[in-house]
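Summary of structural features
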Amino acid sequence: MIKQFITLEWKAFFRSSSFSSNLALKILMIFGAIYFIGTFILLGIGSYFLIEKAGLEPFPTINQFIIYYLVFDLFIRFFFQKMPSLTIRPFLNQNIKKNKIVHYTLNKTILSFFNFIHWFFFIPFTIVLIKEGFSPLNSLFWGLSILLLIYCNNFIAILIDKKDIVFYIVAAIFGVLGILQYYAVFDITQYTNLFFENFYNYPYTILIPLFILSTLYYFTFKFFKSNLYLDAGLSVKQDDATTENFTWLDQLGSLATFLKNDIRLLKRNKRAKSTLLMSVMFLFYGLLFFTKSIEAYDAPVWKIFAGIFVSGGFLLNFGQFVPSWDSSYYPLMMTQNITYRDYLSSKWWLMVIATVISTLLASFYLYFGWEVYLAIVVGAIFNIGVSSHLVLLGGAYIKTPIDLTSNKNAFGDKKSFNIKTLLISLPKLALPMVVYAIGHYTLGWQYGYLFVAITGVLGFAFKNKVFELIESIYKKEKYATIEAYKQKK
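Overview of the structure.

Rules of the game
- Residues numbered from 1 in each chain as written.
- Predicted model: local features only at pLDDT ≥ 70, side-chain atom pairs only at ≥ 80, totals over all residues.
- Heavy atoms only, no water.
- Helix = DSSP H or I, 4+ residues; strand = E, 2+ residues; numbered from the N terminus.
- Buried < 20%, exposed > 50% of the residue type's maximum accessible area, 1.4 Å probe, protein only.
- Contact = heavy atoms within 4.5 Å.
- Areas by Shrake-Rupley, 256 points an atom, 1.4 Å probe, with all protein chains shown as cover.
- Salt bridge = Lys/Arg side-chain N within 4 Å of Asp/Glu carboxyl O.
- 1 Å grid on protein atoms, 1.4 Å probe; cavity = no way out; pocket = protein on both sides within 12 Å on 5 of 7 lines; lining within 4 Å.
- Points joined across faces, edges and corners; volume = space filled by probe spheres on them.
- Nonpolar A, V, L, I, M, F, W, Y, C, P; charged D, E, K, R; others polar.
- Phe/Tyr/Trp six-rings, centres within 6.5 Å; stacked < 30°, edge-to-face > 60°.
- Lys NZ or Arg CZ within 6 Å of the ring centre and 35° of its normal.
- Patch = residues over 30% accessible without salt bridge, like charges linked within 9 Å, V, L, I, M, F, W, Y side chains within 5 Å.
- Core = buried A, V, L, I, M, F, W, Y, C linked by side-chain atoms within 4.5 Å.
- Axes fitted to C-alpha atoms, helices over the stretch in contact; angles between N-to-C directions.
- Parallel < 35°, antiparallel > 145°, perpendicular 65-115°, else oblique.

What to know about the overall build of the chain
Of regular secondary structure, the chain possesses 23 helices and zero strands. A burial count over the chain gives 47% of its 489 residues as buried. Put simply, 80% of the contacts in the chain that link residues at least 6 apart link residues at least 24 apart. Of the accessible surface of the chain, which amounts to about 26100 Å², a share of 69% is contributed by carbon and sulfur atoms.

Re the pattern of salt bridges
One pass over the structure, following the stated rule, counts four salt bridges. Between glutamate 371 and lysine 303 there is a salt bridge, with its nearest N and O atoms 3.4 Å apart. Highlighted residues: glutamate 371 in helix H19 (residues 370-395) and lysine 303 in helix H15 (residues 301-311), separated in sequence by 68 residues. Close ionic contact of lysine 475 with glutamate 471 constitutes a salt bridge, the shortest N to O distance being 3.8 Å. Of this pair, lysine 475 and glutamate 471 both sit in helix H22 (residues 463-476), four residues apart, which is roughly one turn of that helix.

A short note on the layout of surface pockets
Of the voids in this model, the second largest pocket is the one considered here, and its volume is about 370 Å³. Residue lining of the second largest pocket: 15 residues in total, with Leu276, Phe314, Ile353, Ala354 and Ile357 positioned closest to the centre. Mapped by element, the contributors of at least two residues to the lining of the second largest pocket are helix H12 (255-268), helix H13 (270-282) and helix H18 (340-361). Taken together, the residues of the lining of the second largest pocket break down into 13 nonpolar, two polar and no charged.

Some words on the packing of aromatic side chains
Any pair of aromatic rings gets described here by the distance separating the centres and the angle formed by the planes. Taken as a whole and assessed by the stated rule, the structure comprises 37 aromatic pairs. With a centroid separation of 5.4 Å and an interplanar angle of 70 degrees, the aromatic rings of tyrosine 35 and phenylalanine 36 are classed as edge-to-face. Overall, the relative accessible area of 42% leaves phenylalanine 36 in the partly exposed class. Look at phenylalanine 305 and phenylalanine 309: their rings are 4.9 Å apart centre to centre, the planes differ by 50 degrees, and that puts the pair in the tilted class. With phenylalanine 305 and phenylalanine 309 both in helix H15, this residue pair falls four residues apart, about one helical turn. Clustering of aromatic rings is evident, with ring pairs tying together Tyr48, Phe49, Phe59, Tyr69, Phe121, Phe122, Phe125, Phe134, Trp142 and Tyr200. The side chain of lysine 463 reaches across the aromatic face of tryptophan 348, ending 4.7 Å from its centre. The side chain of lysine 463 reaches across the aromatic face of phenylalanine 467, ending 4.4 Å from its centre.

Some points on a nonpolar patch on the surface
Among the surface-exposed residues, Ile179, Tyr182, Tyr183, Val185, Phe186 and Tyr191 lie close enough to one another that they form a single nonpolar patch of about 720 Å² accessible area. Take tyrosine 182: its relative accessible area is 53%, and that puts it in the exposed class.

With respect to the nonpolar core
If you look at the biggest cluster of nonpolar residues, it comprises 63 residues, and the most contacted ones within it are Phe318, Tyr330, Tyr365, Leu392 and Tyr474. Ranked by residue count, the leading element in this core is H19, at twelve residues. Residue contacts for leucine 392: discarding those within four places in its chain leaves Val322, Leu344, Lys347, Trp348, Met351, Phe467, Ile470 and Tyr474. Judged by nonpolar contacts, the second largest core, of 27 residues, contains Leu147, Leu149, Leu177 and Phe196.

Remarks on the side chain of lysine 347
Mapped onto the fold, lysine 347 is located in helix H18. Ignoring anything within four residues of it in the chain, the contact list for lysine 347 reads Asp262, Phe318, Val322, Asp326 and Leu392.

A look at the side chain of serine 358
Relative to the helices and strands, serine 358 resides in helix H18. The residues contacting serine 358, other than those within four sequence positions of it, are Leu283, Val310 and Ser311.

What about the packing of helix H3 (residues 58-80) against helix H10 (residues 189-201)?
Packing of H3 against H10 brings their axes to within 8 Å, and their N-to-C directions diverge by 110 degrees. As far as their axial angle goes, H10 and H3 are roughly perpendicular. On H10, the residues touching Phe59, Pro60, Asn63, Gln64, Ile66, Ile67, Tyr68 and Leu70 of H3 are Thr189, Thr192, Asn193, Phe196, Glu197 and Tyr200. In the contact of H3 with H10, the residues fall into eight nonpolar, five polar and one charged.

Below is the structure:
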């Protein structure tokens, strides 16, 4: 039976309607996987010596921060790791026992890239420990214990997939703990490092993560089996409809209809809420640059880079998926008596309003000096005048329907990337840095900010001309977009 499952999935992979069209992308993904594997191997080999060079004890230091490593791994899984429910559906009307379906599906997740990528860090690191004089047996049990905890994350991610509140509470707790540790108020790693070191000191403690993993597998198995029905657990949940008029937007005329729809979308849907959450997280992105906590980001041009991200978190996350947010009813919308200009203008105004709000919320950066906050303001001007147009232009070539009930691929979908969108995306980040560098290294940092602001103002001044171009491209891509949205993901 397992062999038949594997054969069917292999055929489904190669017979997919999108296989040939995305072949180049799949090749790039393979190269990307090789890159990450190589990076993890180098880190696994070099981390010990880099930490030692920094004047710290390598093994205790690694154990000290593994807790954050595991939390970050869970965070990545929550947003990117796809759940196996869709692969289960085709087998439910066959004469196959539920136990076999669930066991196969759960065991398949064990081979996920999100799991085995960690092998390439901890196995080399364990080998380095042995070479540096640590006990081979104890080192082996330590490495296996950490990998078992990684696999625990795999099943935790499955169990909390539909429970956003659990994830956000855990993320908030560890976010607060990280801040407290950064400011030397409370250091949780002083307690957790003892737990992880015990895997080395007392090899039999490997039974703890093994027991946790077995328990999680059991509960995950029971959860999937109890929901293994097309008309129950695996069906799409239908929420009760509620009516919100937002009459205060009526004064905006024809734009009001679209703005109301977008506000409802952001309030009601899981994927859109995740985008709002990430936009808030982007507000704190500048701390990496403005606090000089990372030496590599100390160059002047990184300030304007940070300003773009801090002020444009919503613009970059929401704007890149216009019009995919409306994919579920886009074909119907195209049959109505509406203009692309009104549709695009409503999206533009929503991004502008969000950019202004983000800039105001980021005023706490004044703590680091007015020059730092000025970088955010200038970045906001560039986002409004240039980046807003570029994300709308890129949206014309992104024909990936969005499942609003799921937050998977919330940072972006691999199908959304092609040569055209890549070329359109580059100026959003590279252009302001180049313009700033020209001003900074010739006349001074003040002129660098001035040149970036002028670029944004010019983009705003030519808004109508740019919108004519964008509108013509959307019209040209109209039927290809409609056809793409009719295809199943």
